[in-house]
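# Observations on chain architecture
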Amino acid sequence: MTDSRTASEAAEIPAGRRPDMPETDGADTPSGPAAAATGTAGAPAVSWNALRPLLLRLHFYAGVLIGPFLLVAAVTGLLYTLTPQIEAVVYRQELHVTPDGEPEALSAQVAAAREAVPEGTLVSVTPAPGRTDSTRVVFEKPGLPENYTQTAFVNPYTSEVLGQERTFAGWWMPVRAWVDGLHRHLNLGEPGRVYSEIAASWLWVEILGGLALWLTTPRARNRVRQLFVPRRGPKGRKRTMSWHAVVGVWASAGLLGLSATGMTWSTYAGASIGEIQAALAGPSPAVSTSLPDAGKGSAAGSAPAAGDVGIDAVVAAAHAAGLRGVMNVSPPTADQATYVVKENTRSWPERHDTVAVHPATGEITDRTYWADYPFLAKMTSWGIDAHMGLLFGLANQIVLALLAIGLIGMLLWGYRMWWLRRPTRSEGFALGRAPARGTWRRLPGWFLAPAVLVTAVIGYYVPLFGIPLLCFVVVDTAVGFVQRRRAGRTEAAA
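Residues numbered from 1 in each chain as written. Predicted model: local features only at pLDDT ≥ 70, side-chain atom pairs only at ≥ 80, totals over all residues. Heavy atoms only, no water.

Looking only at helices and strands, the protein features 16 helices and eight strands. Looking at the protein residue by residue over its 494 residues, the buried ones come to 42%. Long-range pairs, those at least 24 residues apart, make up 61% of the contacts in the protein between residues at least 6 apart in sequence. Accessible surface computed for the protein: about 25,900 Å², of which carbon and sulfur atoms make up 63%. (Helix = DSSP H or I, 4+ residues; strand = E, 2+ residues; numbered from the N terminus. Buried < 20%, exposed > 50% of the residue type's maximum accessible area, 1.4 Å probe, protein only. Contact = heavy atoms within 4.5 Å. Areas by Shrake-Rupley, 256 points an atom, 1.4 Å probe, with all protein chains shown as cover.)

Rendered as C-alpha cells:
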C-alpha cells in the first residue's frame, strides 16, 4: 500500500499540514484568526474563507453531475462548427452555379420550381444573393415533419432546377439540420431539449464559480502569472488543476456568452427571458400586412380580389427601398394581404429591414428598420448568430471550435482531478473524495437567507438550474442525515 503523491508533490505540501490531510483544490485555506469570520457589534461579517468551501462543494458536484451534459453539448457543438464547410462540399451542385450572362426573370425561376414540386404550396423565395449562388424556392408539402419544407434550387441563368432538398426552417440543409438537432435535442425532439437546457443553465454557474475559486487561490494571488499560464513540472493533480483553471480563465467570456445565448432559445428559461426582454424593451417592430385600401373592397389580412404585379416587381420595389444582401420574399396568403420582403443578412453588419409590398400596385405599404429594433432585441440577435457561427464568418467558427475544445479539455481535466483524489490505500474501486459537507453552517443567517432567496428567484426563471440544485440539496441533506445517525449508533455501541 503506497501513497499516490510523487516526491515533488510531497515537497510542495505547506508546512504545518500533514501529508494525509485533505487537499482543497488549490485553496490552501489560511488557518488561525484570519480564517474565521470576524465579529462586529451588529452582525458577524462574512469571511471568504467561510464561503469558499461551500462554493467548492457546489463546483465539484455540479462538475461531476452536470459534466456529462456539458460534454455532449461541447462535442456536438464542435461538430456543428464544421457544417458550413461540409454543406459546401455535399450540396455543391444545388448551392453553387457558374455565372453565364444575366439572370433570367425571377418569375421564370419560380415557375420552374413549381413544375418540379407540383404538390407544394409556395412559402418563400430567396433570390440568388451572389453571382455564383442558386435561387431557393421553398414549398410546404404534405407529409413533411414539423418545421421542415421542400426547397427547390434553381439556376438563375437558365431556370434549371438543380435539385431538391428537405430543409429545416426553410434554410438549413439536411446535414446541418441533423447536426443542429443533435446539438439542440439529440434528435429526440422536444423531450431531448432538456439536456441542452440543463447544460446552458449550469455552464455559467460552473464558469463563475471556477473563476471565483481560482482567482482567490493564495498562490495565484501572490503570482499573477499562475492565473493565466498553465503550470509546468511533473504530472500530477496540481498540474491538471492548473490546466483546468487557466483554460477556464481564457475561455470564460466566450463560454458565458454561449450559456446566455443558449438559454435565450431554450424551452423554459427562454420563455422567461422573452418575458423579461418584452417588459424591459417592448416588442420588436413588425410590418403590417393589411392593405391600406382594405375598406374599399379587400378585407384586412386577405389577398386582393384581382391583380398581381409579380415577384420581379416586388423585388425591384424592395431594392428601391434599400434592401440588399440575402432577401426572403413571401407571397400573399389568407392571413397576409401583401408580399413581405425581409433582409436576412446575418453576418456583420447584420441587415434585417422588412417591407410590405402591395401586390396590385407594387408600392411599399409599410416598413420596419433594423435600426429601430430595441437594443436588447439586437443583442439577442447578435448573440444567437454568434452562437451559431454566422456573425463573423470563418473567424466566428474558429472561435467556437476553440471554445468547444477548451470546454472538453476542462471537463476531462476535472474528472481526472476527481480520479486523482481517490483513496490509494483502500482495496478495490474507490471514488475520489468530495469537499466537506455542512460548510453552509459557517455562514451567518443574515447572509444565508438572502442568498437562498436570490437562488430561488434564479431557479424560478431558470428552472433547469433550480430543479437539479433542489434535488441535489435534498439528496445531500438526506445522505448526511443518514450518515450522522449511523455514526451516532456506532459511537453509542462503542
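With that settled, consider the pattern of salt bridges. For the structure on display, the rule yields eight salt bridges. Of the charged contacts, one joins Asp476 and Arg57 as a salt bridge, the two residues approaching to 2.6 Å between their closest N and O atoms. Residue Asp476 is located in helix 16 (residues 463–493), and its partner Arg57 is located in helix 2 (residues 48–80); the two are separated by 419 residues in the primary sequence. Measuring nitrogen to oxygen at the nearest pair gives 2.9 Å for the salt bridge that ties Glu343 to Arg351. Glu343 sits in the buried class, given a relative accessible area of 3%. Among the residues examined, Arg351 registers a relative accessible area of 31% and is labelled partly exposed. (Salt bridge = Lys/Arg side-chain N within 4 Å of Asp/Glu carboxyl O.)

Feature annotation in UniProt assigns "transmembrane region" (unreviewed entry) to the following positions: residues 60–82, 194–215, 241–260, 390–415, 443–461 and 467–483. Along residues 241–260 the backbone is 100% helical and 0% strand, and the end-to-end C-alpha distance reaches 26 Å. The span residues 390–415 carries 88% helix and 0% strand; its end-to-end C-alpha distance comes to 33 Å. (UniProt positions renumbered as here; feature names shortened; annotations may be inferred.)

Between helix 7 (residues 193–215) and helix 10 (residues 237–264), the least distance of the axes is 8 Å, while the angle of their chain directions is 145°. As for how helix 7 packs across helix 10, the hand of that crossing is left-handed. For the pair helix 7 and helix 10, the contacting residues are Ala200, Ser201, Leu203, Trp204, Ile207, Leu208, Leu211 and Trp214 in the first and Ser242, Ala245, Val246, Gly248, Val249, Ser252, Leu255, Leu256, Ser259, Gly262 and Met263 in the second. Of the residues in the contact of helix 7 with helix 10, the class split is 13 nonpolar, six polar and no charged. (Axes fitted to C-alpha atoms, helices over the stretch in contact; angles between N-to-C directions. Left-handed = near helix turned anticlockwise from the far one by under 90°. Nonpolar A, V, L, I, M, F, W, Y, C, P; charged D, E, K, R; others polar.)

Omega for the peptide link from Trp348 to Pro349 comes to -5°, which places this bond in the cis form. For Pro349, the location among the structural elements is in the loop between strand 6 (339–343) and strand 7 (354–357). Positive phi outside glycine occurs at Asn147, with the angle close to 75°.

What follows is about the nonpolar core. Membership of the largest hydrophobic core comes to 35 residues, with the highest contact counts inside it found for Trp202 and Leu255. Of all the secondary structure elements, the ones that give two or more residues to this core are helix 2, helix 7, helix 10, helix 14 (393–420) and helix 16. Ranked by residue count, the leading element in this core is helix 7, at 10 residues. Among residues more than four places away in sequence, those in contact with Trp202 are Leu58, Ala62, Ile66, Leu464, Phe465, Pro468 and Leu469. Counting 23 residues, the second largest nonpolar core, distinct from the first, contains Val110, Ala113, Ala152 and Val341. (Core = buried A, V, L, I, M, F, W, Y, C linked by side-chain atoms within 4.5 Å.)

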